[in-house]
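Residue-level structure breakdown
Below are the chains, spelled out letter by letter.
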Amino acid sequence: MIKIVPTTPYQDQKPGTSGLRKKVPVFQQPNYAENFIQSIFDSLDGYQGKTLVIGGDGRFYNREVIQTAIKMAAANGFGKVMVGQGGILSTPAASHIIRKYKAFGGIILSASHNPGGPTEDFGIKYNIGNGGPAPEKITDAIYVRSKVIDAYKIANIPDINLDRIGSQSIAGMTVSVIDPVEDYANLMESLFDFPAIRNLLNLGFRIVFDAMHAVTGPYAKEIFENRLGAPLGSVRNFVPLPDFGGHHPDPNLVHAKELYDEMMGDNAPGFGAASDGDGDRNLILGEGIFVTPSDSLAILAANANLAPGYSSGISGIARSMPTSQAADRVAARLGVNMFETPTGWKFFGNLLDEDLVTICGEESAGTGSSHVREKDGLWAVLLWLNILAVRGESVADIVRQHWATYGRNYYSRHDYEEVDAAAANSLIEALRNRLDTLPGTMIGHLKVTAADDFAYHDKIDGSVSKNQGIRILFEGGSRIVFRLSGTGTSGATLRVYIERYEEDCMKHDLDTQEALADLIAAAESIADIRSRTGRDTPSVIT
Ligand code: G6P
Ligand code: ZN
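Residues numbered from 1 in each chain as written. Chains lettered and ligands numbered in written order. Predicted model: local features only at pLDDT ≥ 70, side-chain atom pairs only at ≥ 80, totals over all residues.

Put simply, the rule reads: UniProt positions are given in the numbering used here, feature names are shortened, and annotations may be inferred rather than shown by experiment.
Per an unreviewed UniProt entry, the protein carries the name phosphoglucomutase (alpha-D-glucose-1,6-bisphosphate-dependent) and comes from Gellertiella hungarica. Taken directly from UniProt, the Sequence similarities (unreviewed entry) text for the protein runs: "Belongs to the phosphohexose mutase family." A UniProt comment under Catalytic activity (unreviewed entry) is attached to the protein, and it reads "alpha-D-glucose 1-phosphate = alpha-D-glucose 6-phosphate".

**Points about the overall build of the protein**
We apply this condition: Strands are runs of DSSP state E lasting at least 2 residues, helices are runs of H or I lasting at least 4, and numbering of each runs from the N terminus. Using C-alpha atoms as the atom set, the radius of gyration is obtained and then compared with a globule rule of 2.2 Å times the number of residues to the power 0.38. Once C-beta atoms are placed from the backbone, any two residues with those atoms within 7 Å are in contact.
A count of helices and strands for the protein gives 18 helices and 27 strands. Relative to the globule expectation of 24 Å for 542 residues, the C-alpha radius of gyration of the protein, 23 Å, shows essentially globular dimensions. C-alpha extents for the protein along the principal axes are approximately 75 × 60 × 40 Å. Taking all contacts inside the protein whose residues are at least 6 apart in sequence as the whole, residues at least 24 apart take part in 74%.

**Brief notes about the sheet that holds strand 16 (residues 337-341)**
Applied cut-off: Here, a strand pair is defined by DSSP locating no fewer than two bridges between the strands. With axes taken as lines fitted to C-alpha atoms, and helix axes fitted only over the stretch in contact, angles between N-to-C directions fall between 0 and 180 degrees.
If you trace the four strands from one edge of the open sheet to the other, you get 16-15-17-18, paired in mixed fashion. Two strands lie at the open edges of the sheet, namely strand 16 and strand 18 (366-369), each paired on one side alone. Taking the axes of each pair of neighbouring strands and ignoring which way they run, one obtains an average angle of 15° across the sheet. Pairing analysis gives three bridges linking strand 15 (residues 316-320) to strand 17 (residues 359-362), with the strands arranged parallel. Along strand 17, the bridge assignment pairs A318 with C360.

**Description of helix 13 (residues 377-391)**
Quick reminder of the rule: A helix is expected to span 1.5 Å multiplied by its residue count minus one. For the exposure call, what matters is how many other C-beta atoms sit within 10 Å of a residue's own: 20 or more marks it buried, 12 or fewer exposed, and in between partly exposed, using C-beta atoms placed from the backbone.
Helix length check: helix 13, at 15 residues, gives a terminal C-alpha distance of 21 Å against a target of 21 Å (1.5 Å per residue), a fit within 8%. For helix 13, the tally of buried residues reaches 13 of 15 residues, placing the bulk of the element in the interior. Looking one or two residues past helix 13, G392 carries a phi angle of roughly 65°, positive in sign.

**Quick word on the sheet that holds strand 14 (residues 289-291)**
If you walk across this open sheet you meet the five strands as 11-10-12-13-14, and the pairing is mixed. Each edge of the sheet is formed by a strand with only one pairing partner; in this case those strands are strand 11 (235-236) and strand 14. Sitting on the sheet, helix 14 (residues 395-406) is in contact with strand 12 (271-275), strand 13 (282-286) and strand 14, with an inclination near 55° to strand 14.

**Let's talk about the UniProt feature "domain: Alpha-D-phosphohexomutase alpha/beta/alpha" (unreviewed entry) in the protein**
In the numbering used here, UniProt assigns the feature "domain: Alpha-D-phosphohexomutase alpha/beta/alpha" (unreviewed entry) to residues 13-149, 183-285 and 294-406. Along residues 13-149, the helical share is 37% and the strand share 23%, with 11 Å between the first and last C-alpha atoms. Along residues 183-285 one finds 37% helix and 15% strand; the C-alpha atoms at either end are 27 Å apart.

**Considering the confidence of the model for the protein**
Operational definition: Known as pLDDT, the predictor's confidence for each residue is given on a scale from 0 to 100.
The share of residues in the protein with pLDDT of 70 or more is 100%, and the mean pLDDT across the chain is 95. Both confidence scores are given for the complex: pTM 0.94, ipTM 0.96.

**Looking at the nonpolar core**
Note the threshold: Here, a nonpolar core means buried Ala, Val, Leu, Ile, Met, Phe, Trp, Tyr and Cys residues linked by C-beta atoms lying within 7 Å of one another. Bear in mind that the domain bounds are from an automatic or database domain assignment.
Formed by 125 residues in total, the largest nonpolar core has its most connected members in V81, F209, A301 and L383. Per element, the largest residue contribution to this core is 11 residues, and it comes from helix 13. There are two domains that each give this core at least three residues, and those are domain 1 (2-178) and domain 2 (184-406). For L383, the residues in contact, after removing those within four places along its chain, are F192, L300, A304 and A307.

**Observations concerning the pairing of strand 1 (residues 2-6)**
Burial analysis of strand 1 places just zero of its five residues in the buried class, a small minority of the element. Here five bridges tie strand 1 to strand 7 (residues 151-155), and the two strands are oriented antiparallel to one another. Looking across to strand 7, one finds that P6 is bridged to A151.

**Things to note about the environment of G477**
The residue G477 is located in the loop between strand 24 (470-474) and strand 25 (479-484) in this model. The class of G477 is partly exposed, set by 17 C-beta atoms lying within 10 Å. When the C-alpha positions of G477 and Y501 are compared, they lie 5.9 Å apart, and in sequence the two are 24 residues distant.

**Some points on the pairing of strand 26 (residues 492-502)**
For strand 26, the tally of buried residues reaches nine of 11 residues, placing the bulk of the element in the interior. As paired elements, strand 19 (residues 408-419) and strand 26 share 10 bridges and run antiparallel to each other. In the sheet register, V419 faces strand 26, and the bridge partner there is A492. By the bridge criterion, six bridges tie strand 25 to strand 26 in an arrangement that is antiparallel. Pairing of R483 across the sheet is with R495, part of strand 26.

**Looking at the environment of K125**
Relative to the helices and strands, K125 is located in strand 6 (residues 121-127). Considered as a pair, K125 and V208 are 83 residues apart in the sequence and their alpha carbons are 31 Å apart. Sequence-distant contacts of K125, that is, excluding residues within four places in its chain, are made with S18, G19, I108, S110 and P133.

**Re helix 2 (residues 32-42)**
For helix 2, the tally of buried residues reaches 10 of 11 residues, placing the bulk of the element in the interior. Those residues of helix 2 lying buried are Y32, A33, E34, N35, F36, I37, Q38, S39, I40 and F41.

**Some thoughts on the packing of helix 4 (residues 91-100) against helix 6 (residues 182-191)**
Quick note on the threshold: Each angle receives one of four descriptions, namely roughly parallel if under 35 degrees, roughly antiparallel if over 145, roughly perpendicular if within 65 to 115, and oblique otherwise. Note on residue classes: Ala, Val, Leu, Ile, Met, Phe, Trp, Tyr, Cys and Pro are nonpolar, Asp, Glu, Lys and Arg are charged, and everything else, Gly too, is polar.
Look at helix 4 against helix 6: their axes get within 9 Å of each other, and the N-to-C directions meet at 90°. Relative to helix 6, the element helix 4 lies roughly perpendicular. Together, A93, H96, I97 and K100 of helix 4 and D183, Y184 and L187 of helix 6 make up the contact between the two elements. Grouping the amino acids of the contact of helix 4 with helix 6 by side-chain chemistry returns four nonpolar, one polar and two charged.

**Looking at the environment of D243**
For D243, the location among the structural elements is in the loop between strand 11 and helix 9 (257-264). When the 16 C-beta atoms within 10 Å are taken as the criterion, D243 is described as partly exposed. In sequence terms D243 and F205 are 38 residues apart; their C-alpha atoms lie 32 Å from each other. Setting aside its immediate chain neighbours within four residues, D243 contacts F60, G116 and G117.

**Some words on the domain arrangement of the protein**
In terms of domain boundaries, the protein breaks down into domain 1 (2-178), domain 2 (184-406) and domain 3 (408-541). In this structure, domain 1 and domain 3 have C-alpha centres spaced 37 Å apart.

Written out as C-alpha cells, the structure reads:
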C-alpha cells in the first residue's frame, strides 16, 4: 500500500518569511508539492506515531495538496492526521489545534493575503509543536533536503472524504476530519467577555466584518452572528472561494475599500473590520476613523486587562522594529517588558513561550497574543469589541483618549514596489556606509541622534539576526527606517517607515502625510530615493 516514488529535485524550494510561496502552475509541476512535503518530513525527527494537523485557507489547489499530504503522512509513519472539514483551517486556528491536541506539528496551506486561483499564488508552511512557524534552522534544513531529494513516500489509497466529520483508519494511520471552527470559537469565548459584547450588540451597536471570501467567513459567522447575536448580514463575503471572488484578500484601505468608504460615510456602523486570506491579519475601523496597526497594538495592550483572558495583566509587549513606538509608551507606563524584534512573526515565538510577553504586533496588520503562536485577525477584532463593550465609548473616542494620555506617534509607510534589486541593495548599502557619520548632523532642522543597522540578539536561543533595517533616529523621538521587504516576488520592494512623536494634544488632528512632511523630505535627502530607484513617488502609502 505504501509506494516509494522516485523523483527529481527542484532547486527553488526555499521557504521565505512564511513558508514556500509560488504560483499555482509552479506547484502543479510533477512532484513539486510531494518533493516539498517529503523534504519537510525528512527534516524532522521523532514524529513516528504522532499527530500532524493539516488545513488551509481554501484557495485554489488546497484540496488536491491536502489529499497528497494526508497520504504522505500515512506513508511516512505519522499516527494520526487532524484535518479541517473541507480542508479548511485558518492559520490561527491551526496553531490552536496543534497546541490543544499536542500535535507534533502542522502543515498549513496558504499564501496569506496574496490572490488565489489557477494562475495565482499557493503556499505550504510547516508549524512546529508550539503552534508557531518553523524556525530558520528547520526551514533551512527543508531547503537543503529539497535540493537533493530523490524519492518520496505515499500511501496508494483513494481520496479521503474531507467533507464528512469523523475518524477513519487509512494505511495504518487515523484521519480525523474535524470541525475547523468549534475549538477556535471556544478559545475566543474563553478569552473575551462574550456576554458584554452580546449586550452591546443587543443595544443596537452595529458591526460589519468583511471576510473577503477567505477563510474567516465560517469563523466569523459562528462567532459574531451565532454566538454573539449580531444581526444576519453583519458578516459579509463569508463563503470562502478558491479565487477569493477574484479579489485580493488583503485587509487594507485599498483592497477593503468598500468597507472603508462605508465606515467613513454617513450612517456608518460603529465598528468595521476585515481579515486576510488565511485569517491572521486584521483591519480595524471605527465610525469615521481608521486605526493604524501600530496604534491598535498600543491600544489593545493598554486595555487588554478589560478582557477576562488578560484580567491579571500582561507580562510584556513585543513589536517588530519598524512598527511605531506607540506600544513602548504603554509598556513603560504599565511597567512591563518591551521587546523590539525583526519583521516576521516567528521572532515572537520564543518570547511568548517564555512568557516574557503576552501581546505582539506588527505594522503589517498583524496582532496577537500568547493564546496561539500566530497573529490572529479575529482575536484582534474580538479584543476591540470587548474593550468597546466595557468602556462604552466609540472607537474614535478611545483612540483620541489614548493619544491624549500617551501622545500620538504619527506613522506612515512608503513602499516602492518592484524596483530594480541592484538599485535597492545599493541604496541600503550606501546608507549602511554612512551610519557612523550621521549622528550629530542636521537634516533640515532635524538633528540625527543615532543611526544603526538593526540586529536582534535572541537571548533565549542565542541566535543573532543581522541587517534587519537601517534606523535613523532624530531628536524628540522621530524616526525613519529603511528596509527591503522579505516577501516580494519580483524585483525588490523598498519600505520607508516614517514616524514622528507628538505629545501636544492640540496637534493630534493633523493629516498624517502633512505631519510627517519634514521627515519624508529628510528620507529623500538621506537616501536619494528618486535618483536611485527612478521613482518620483511611492507605489503604496499606508
Ligand atoms: C508576512 C509576515 C509578517 C511580516 C509581513 C511583511 O505577513 O508574516 O510577519 O510582517 O509579511 O513582511 P515584509 O518583509 O514584506 O515587510
Ligand atoms: Zn495572512
